[in-house]
Amino acid sequence: MNKTNNDKEFRKAIISLIVPMTLQNFMFALIPVSDTAMLVSLDQDAMSAVSLAAQMSFIMSLFVSALVSGLSIFAAQYWGKKDMKGIETSFGYVMRITLPVLIALWAMAFIFPEGVMRIFTSEPAIIQHGIVYLRIVAFSYIFSGVAQLYGGVLKNIGYVRECTIIGIAMVFLNIGFNAVFIFGLLGMPRLEEGGAALGTTMSCLIGFIAYIVLFLRNGKIKVGVKSVFHVDPVFRKDFSKYATPTLLNSLLWGFGFAMITVIMGHLGADATAANAIVAVAKDLVSCFCFALAYGGAIVIGNELGAGRLERAREYGSKLCKLMIVSGIIAGIIIAASTPIVVNAVDLSPTASKYLTAMLLMCVYYMLGRSINSTVISGIFTAGGDTKFGFICDTITMWAFIVPVGALAAFVWKLPVIAVYFILNLDEIIKLPAVYIHYKKYKWVKNLVDKD
């Protein structure tokens, strides 16, 4: 196949994936925006509490996303090979190891909400708001986690559009439920932060049901009780080899990111509020970057599973060009939107000053995030090259960002903005190592062809 046809097929494949995924990611990122906008109009402490309490959802999502990423390594390559039995085995095994963790996270949030909140802040008012939120939103962890697994495998077998529709519907339902329950509309009681939790839980339940219905009707793969409880020892070995580094990487990076929130949460209510809004802005602008990473993993994984290794390598090069452009655009959007965001939220003068500086710092951060997410979570993962990401992210986060950030905040007593600058260097300092490893092409590997 000539280069022109390759270019056309790549564009067709990547556009069919990243456009709906970007839209879905953007819509999901609007959920905390709606929570923040609605709650900040009532109480700054309630908004901060929900932002901090949502770290439990973040940890849950990290765990499940890592397993979905591991599942996608095999599902994409099995799909490229047209091996339906392999996909069924992959999905059943991942479901088996996910359910116990989701139940454990539910128990932590529902039974020990005060203990969870005290990890993130020492402000009594914020803790009390967070307890109310956690006890209700805990139920969403199970619904959301299982829905992510179904969505992950469905996207790999050609149901990206349908999954996007479900995801968008969940977002609109969440925003609608939030408005009704937070403010007590349509005759419902005014629940404030409890209403935000109830809205999230109800939308996750509806999405969970929709994904299961779509999965049962897909006609391509079927997963029964046997698939979940019967473990293929060969697949377990392969999955552990390639997916375990991804899981550990995601969890350690996630806990590191949570520690950043902890550090900022102990610098006062103004720093907490500003950081909460910046986190939402980052996620909104990063939607295309994350879609590029996930879509790229599927496209390259399909080529690797089909044995077209040189073509997969070529696609990796094209993705690298896209990720640089997307990172630059993301930074420009953040810079241009800074005055709009600052004027749109009702914060104290000090928190507004923090917010302005933090948003401007995100300009360089977004370029690094675009490159690293696409290469580490997309290109490397597609070929099972997962150990590098684990080592690189762990060293960056735990040998530099967290300890130096903690020293800056609590020992050296640096200003809030200086601490925030240090805490946001992780994506930049690992760029040289990521580039060098990419050029070694260890990710160009077929994992499912045992012949």
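Note that this is a predicted model, so its numbers are computed, not measured. (Residues numbered from 1 in each chain as written. Predicted model: local features only at pLDDT ≥ 70, side-chain atom pairs only at ≥ 80, totals over all residues. Heavy atoms only, no water.)

### Quick look at the overall build of the chain
Stated precisely, the cut-off is as follows: Helix numbers and strand numbers start at the N terminus; a helix is a DSSP run of H or I with at least 4 residues, a strand a run of E with at least 2. Here the globule rule reads 2.2 Å times residues to the power 0.38, and the radius of gyration is calculated from C-alpha atoms. Residue burial is assigned from relative accessible area. The probe radius is 1.4 Å, only protein chains are included, and a residue is buried under 20% of its type maximum, exposed over 50%, and partly exposed in between. Contacts: residue pairs with any heavy atoms within 4.5 Å of one another. With residues, only the protein chains shown are counted as cover, and all accessible areas are computed by Shrake-Rupley using a 1.4 Å probe.
The secondary structure content of the chain amounts to 17 helices and zero strands. For the chain, the C-alpha radius of gyration of 21 Å lies close to 22 Å, the compact-globule estimate for 451 residues. Within the span of the chain, comprising 451 residues, buried residues form 55% of the whole. Residue pairs in contact within the chain that sit at least 24 positions apart in sequence constitute 84% of those at least 6 positions apart. For the chain, the computed accessible surface area is about 18500 Å², with 68% contributed by carbon and sulfur atoms.

### Quick word on helix α9 (residues 233-265)
Basically, it comes down to this: The span expected for a helix works out to 1.5 Å for each residue beyond the first. Here the bend at each residue means the angle between axes fitted to two seven-residue stretches, the one ending at that residue and the one beginning there.
In a regular helix each residue adds 1.5 Å, so 33 residues correspond to 48 Å; α9 covers 44 Å between its end C-alpha atoms and thus fits that length. Helix geometry: α9 is bent most strongly at A243, by close to 45°, with proline P245 lying one to four residues after it.

### Re the nonpolar core
Spelled out, the test is: The criterion is simple. A nonpolar core is a set of buried Ala, Val, Leu, Ile, Met, Phe, Trp, Tyr and Cys residues joined through side-chain atoms within 4.5 Å.
Judged by nonpolar contacts, the single largest core of 66 residues is most densely connected at L134, Y141 and L154. Of all the secondary structure elements, the ones that give two or more residues to this core are α2 (44-81), α3 (84-111), α4 (113-120), α5 (124-156), α6 (160-183), α7 (193-217) and α9. Examining the composition of this core, we find that 16 residues originate from one element, α2, more than from any other. Leaving out residues up to four positions away in the same chain, L134 has contacts with A53, M56, A109, P113, V116, M117 and Y141. I263, L347, V402 and V419 belong to the second largest nonpolar core, which has 40 residues in total.

### Examining the pattern of salt bridges
Stated precisely, the cut-off is as follows: By salt bridge we mean one thing: a side-chain nitrogen of Lys or Arg within 4 Å of a carboxyl oxygen of Asp or Glu.
This structure, assessed with the given rule, holds eight salt bridges. In this structure, R161 and E162 form a salt bridge, with 3.9 Å as the shortest nitrogen-oxygen distance. By relative accessible area, which is 60% here, R161 ends up exposed. With relative accessibility at 26%, the residue E162 sits in the partly exposed group. Among the salt bridges present, the one from K430 reaches E427, with a minimum N-O distance of 3.7 Å. By relative accessible area, which is 6% here, E427 ends up buried. Each of E303, R308 and R311 takes part in salt bridges that share partners, so that together they form one network.

### Some details on the packing of helix α13 (residues 349-382) against helix α15 (residues 416-423)
In plain terms, the rule: To define axes, lines are fitted to C-alpha atoms, for helices over the stretch in contact only, and angles between the resulting N-to-C directions are given on a 0 to 180 degree scale. Angles are sorted into four bins: roughly parallel if under 35 degrees, roughly antiparallel if over 145, roughly perpendicular if 65 to 115, and oblique for all others. Left-handed describes a crossing in which the near helix is turned anticlockwise from the far one by less than a right angle; the clockwise case is right-handed. Throughout, the ten residues Ala, Val, Leu, Ile, Met, Phe, Trp, Tyr, Cys and Pro are labelled nonpolar, Asp, Glu, Lys and Arg are labelled charged, and all others, Gly among them, are labelled polar.
At a closest axis distance of 10 Å, the pairing of α13 and α15 adopts a crossing angle of 25°. Here α15 runs roughly parallel to α13, going by the angle between their axes. Two packed elements cross with a definite hand, and for α13 against α15 that hand is right-handed. Across from Y354, A357, M358, M361, C362 and Y364 in α13, the residues of α15 making contact are V416, I417, Y420 and F421. In terms of residue class, the contact of α13 with α15 is built from ten nonpolar, no polar and no charged.

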